[in-house]
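One-letter residues, chain by chain:
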Amino acid sequence: MSEPIVLGIETSCDETAIGIVRGRTLLANVIASSVDEHARFGGVVPEIASRAHLEAMLPSIEKAIKDSKISLKDIDAVAVTAGPGLVGALLVGVASASGLALGLGKPLYGVNHLAAHVSVDFLTHDQPTDPTIALLVSGGHSSLLQVDDITSSITKLGATMDDAAGEAFDKIARVMGLGFPGGPAIDRTALSGSPTAIDFPRGLTTSNDWATRPYDFSFSGLKTAVARYLESTPNYAKADVAASFQESIVDVLLQKSLAACKATGIDSLVIAGGVAANSRLRAVAEERCAKAGVRLRIPSPALCTDNGAMVAALGSLMVAAGRAPGPQAFDADSALQVERVAL
């Protein structure tokens, strides 16, 4: 099956997302977000997310089928995020995918949400993604991965020890009154600010840190430093604070990523996840990777945030690689480790 048509379902957090791919061609990418329902709480409320998935699932599948100009009987396989994520939200997606695959008599792949973020690169670049170093940065995850085979071999080199980069963006945006989600708000505000206006700390970058935990991240100290600055500076410039805070995160992410490339001898870097849509991260990554001789790949902003296309892409890769599908029914795993690409 050289060009399998795969339908992917993603419900790990607050987006009900359905994607359909034929091989490496994206046919449909439908996203129904419940972010506005969570905004007044300043973060995602699991119960609200689960209910929103239930309401949006069928209309989203129907729209994806319509957009792709195929019928359900043309689907060769179904893929679904099995974890990690909010367990209630995951269960809605897993149950829907199981029922759909069973009804169609098609194989079902329960895939890892984090691996899927890296796999979306498959839809935008002609050359193979692996082997590569992958920087995965999202609301809940900040990890450095060595990807030797996206369908079967991923090694975690490092991860966040406290807040993920996306969580730090959300928390500082809330303190500054910029709203939720914080990443886009900080990015917009920072455009008119100076990234060197305030010298905020770079977590885990001392000589001892490089010796003991070179690929791990920590943003809690940065978050505290920004909060204290805001408390002690009544008339602070929001744009300068946003730009300097953002610069600290971007600097650390790229220092560690390029160090991993150098240490492993892998000259390819994929940046994926919601924070990969950040304009400053994208610009500085291009500059530093070009200087280091590292090939950089970042999905389009629309494919950085949670989406069904990435799940379908990983499912398509699994089919093309001859990987066996999973069982027709399985439990979602809210703490699924990235090394386990599929159930």
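Quick caveat, the model's predicted, so the values are computed rather than measured.

A. Representation of the pairing of strand β8 (residues 153–159) in the model. Note that strand β7 (residues 142–149) and β8 share six bridges and pair antiparallel. Opposite D149, over in β8, you have S153 as the bridge partner. Where β7 hands over to β8, the hairpin turn is made up of three residues, counted between the paired strands.

B. Just the packing of helix α2 (residues 46–68) against helix α3 (residues 87–104), in detail. At a minimum axis distance of 8 Å, the contact between α2 and α3 shows a crossing angle of 25 degrees. With respect to α3, the element α2 is oriented roughly parallel. Where α2 crosses over α3, the handedness of that crossing is right-handed. In this structure, α2 uses S50, H53, L54 and M57 to contact α3, whose residues at the interface are G88, A89, V92, G93 and S96. Here the residues of the contact of α2 with α3 are counted per class, giving four nonpolar, five polar and no charged.

C. Just the environment of P184, in detail. Assignment of secondary structure puts P184 in helix α6 (residues 182–190). For P184, a relative accessible area of 39% puts it in the partly exposed group. Between the C-alpha atoms of P184 and E286, which are 102 residues apart in sequence, the distance is 20 Å.

D. Seen up close, the pattern of salt bridges. Scanning the entire structure with this criterion turns up twelve salt bridges. A salt bridge links D163 to K171; the nearest nitrogen and oxygen atoms lie 2.9 Å apart. Salt-bridge contacts for R213 lead to D209; the nearest nitrogen and oxygen are separated by 3.7 Å. Of the residues examined, R213 reaches a relative accessible area of 28% and is grouped as partly exposed. The buried category is assigned to D209, whose relative accessible area is 10%. One salt-bridge network, held together by shared partners, links D163, K171 and K223.

Conventions adopted
- Residues numbered from 1 in each chain as written.
- Predicted model: local features only at pLDDT ≥ 70, side-chain atom pairs only at ≥ 80, totals over all residues.
- Heavy atoms only, no water.
- Pairing = 2+ DSSP bridges.
- Helix = DSSP H or I, 4+ residues; strand = E, 2+ residues; numbered from the N terminus.
- Axes fitted to C-alpha atoms, helices over the stretch in contact; angles between N-to-C directions.
- Parallel < 35°, antiparallel > 145°, perpendicular 65-115°, else oblique.
- Left-handed = near helix turned anticlockwise from the far one by under 90°.
- Contact = heavy atoms within 4.5 Å.
- Nonpolar A, V, L, I, M, F, W, Y, C, P; charged D, E, K, R; others polar.
- Buried < 20%, exposed > 50% of the residue type's maximum accessible area, 1.4 Å probe, protein only.
- Salt bridge = Lys/Arg side-chain N within 4 Å of Asp/Glu carboxyl O.

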